[in-house]
Amino acid sequence: MDPAFELAMRLRAAYLTMRRTGGAFLEPHGATADQFVLLTTILNSGGATQQELVRRTASDPNTIRAMLMLLERRGLVTRSDSKQDARALNVNLTIEGRKLQRRLARYLAGLLGALFHAFTDGERQTLSRMLEQIADVMAVAHRNRRGKKSNSDGLKATHARRDRAGLK
């Protein structure tokens, strides 16, 4: 098996297993793993704009917006105009949102503790650096891909260069 593909598959398996397990733990409490991440990020930041939440959770703007709308309908978050930026919305937890986040955090403490204690301090630091490096490499690849022409434009340009060079 291609070692690069094998690495990608192991990362995928770890992520999906973690997401499924977290989801199974949280489902009886009426929350998803993504909602827990969002509630915790809002709590830890003392409130944030939607764009800050997109960055801090490494998520998609549309996903964050949809989750916030759902959480707002449930009375767990509020969104209000930012005093610093008229285009931005500030997001804060309601009292009920804080209660739910704390309850979910207590419920997940054992699972997260098991994950944390599966590694030594040095291994956790190394793993953290490596995961950050992977995220950085993928972000650069994504930005580069977005900046390129479409596949059909790229093929047309390739054919034009070959034609000018006398290659067919």
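First, a word on what this report is: a plain description of the structure on this page. Keep in mind that what you see is a predicted model, and the values were worked out from it rather than measured. (Residues numbered from 1 in each chain as written. Predicted model: local features only at pLDDT ≥ 70, side-chain atom pairs only at ≥ 80, totals over all residues. Heavy atoms only, no water.)

**Overview of the packing of aromatic side chains**
Inspection of the entire model under this criterion finds one aromatic pair. The residue whose ring lies beneath R124 is F116, and the NZ or CZ to ring-centre distance is 3.6 Å. (Phe/Tyr/Trp six-rings, centres within 6.5 Å; stacked < 30°, edge-to-face > 60°. Lys NZ or Arg CZ within 6 Å of the ring centre and 35° of its normal.)

**Re the nonpolar core**
General note: in soluble globular proteins, nonpolar side chains tend to be found buried as a group. The biggest cluster of nonpolar side chains holds 21 residues, and the ones touching the most others in it are L38, I42, L53, L68 and V77. At the level of elements, α2 (33-45), α3 (50-57), α4 (61-73), β3 (89-93) and α5 (95-117) are the ones that each hand at least two residues to this core. With five residues, the top contributor of residues to this core is α2. (Core = buried A, V, L, I, M, F, W, Y, C linked by side-chain atoms within 4.5 Å. Buried < 20%, exposed > 50% of the residue type's maximum accessible area, 1.4 Å probe, protein only. Helix = DSSP H or I, 4+ residues; strand = E, 2+ residues; numbered from the N terminus.)

**Here's the deal with the packing of α2 against α4**
Axis separation between α2 and α4 bottoms out at 11 Å; the angle between their running directions is 80°. The angle between the axes of α2 and α4 places the two elements in the roughly perpendicular class. Where α2 abuts α4, its residues D34, Q35, L38, L39 and I42 lie against I64, M67, L68, L70 and L71. Tallied by class, residues from the contact of α2 with α4 come to eight nonpolar, one polar and one charged. (Axes fitted to C-alpha atoms, helices over the stretch in contact; angles between N-to-C directions. Parallel < 35°, antiparallel > 145°, perpendicular 65-115°, else oblique. Contact = heavy atoms within 4.5 Å. Nonpolar A, V, L, I, M, F, W, Y, C, P; charged D, E, K, R; others polar.)

**Let's talk about a nonpolar patch on the surface**
A cluster of nonpolar side chains, M18, L112, L115, F119, L127 and L131, forms an exposed patch at the surface whose accessible area comes to about 510 Å². When residues of the nonpolar patch are traced back to their parent elements, those giving at least two are α5 and α6 (121-147). Here L115 is to be found in helix α5. (Patch = residues over 30% accessible without salt bridge, like charges linked within 9 Å, V, L, I, M, F, W, Y side chains within 5 Å. Areas by Shrake-Rupley, 256 points an atom, 1.4 Å probe, with all protein chains shown as cover. Salt bridge = Lys/Arg side-chain N within 4 Å of Asp/Glu carboxyl O.)

**A short note on the pattern of salt bridges**
Overall, the coordinates contain five salt bridges when judged by the stated rule. Ionic pairing is found between E6 and R10, a salt bridge with its closest N-O pair at 2.7 Å. Taken together, the residues span about one helical turn, with E6 and R10 both in helix α1 (residues 3-26) at a distance of four residues. For R79, the salt bridge identified is with E72, shortest N-O distance 3.0 Å.

**Observations regarding the packing of α3 against α4**
Angle between the axes and distance between the axes are the two parameters that describe a pair of packed helices. The contact between α3 and α4 brings their axes to 9 Å, and the two run at 115°. Where α3 crosses over α4, the handedness of that crossing is right-handed. For the pair α3 and α4, the contacting residues are Q50, L53, V54 and T57 in the first and P61, I64, R65 and L68 in the second. Grouping the amino acids of the contact of α3 with α4 by side-chain chemistry returns five nonpolar, two polar and one charged. (Left-handed = near helix turned anticlockwise from the far one by under 90°.)

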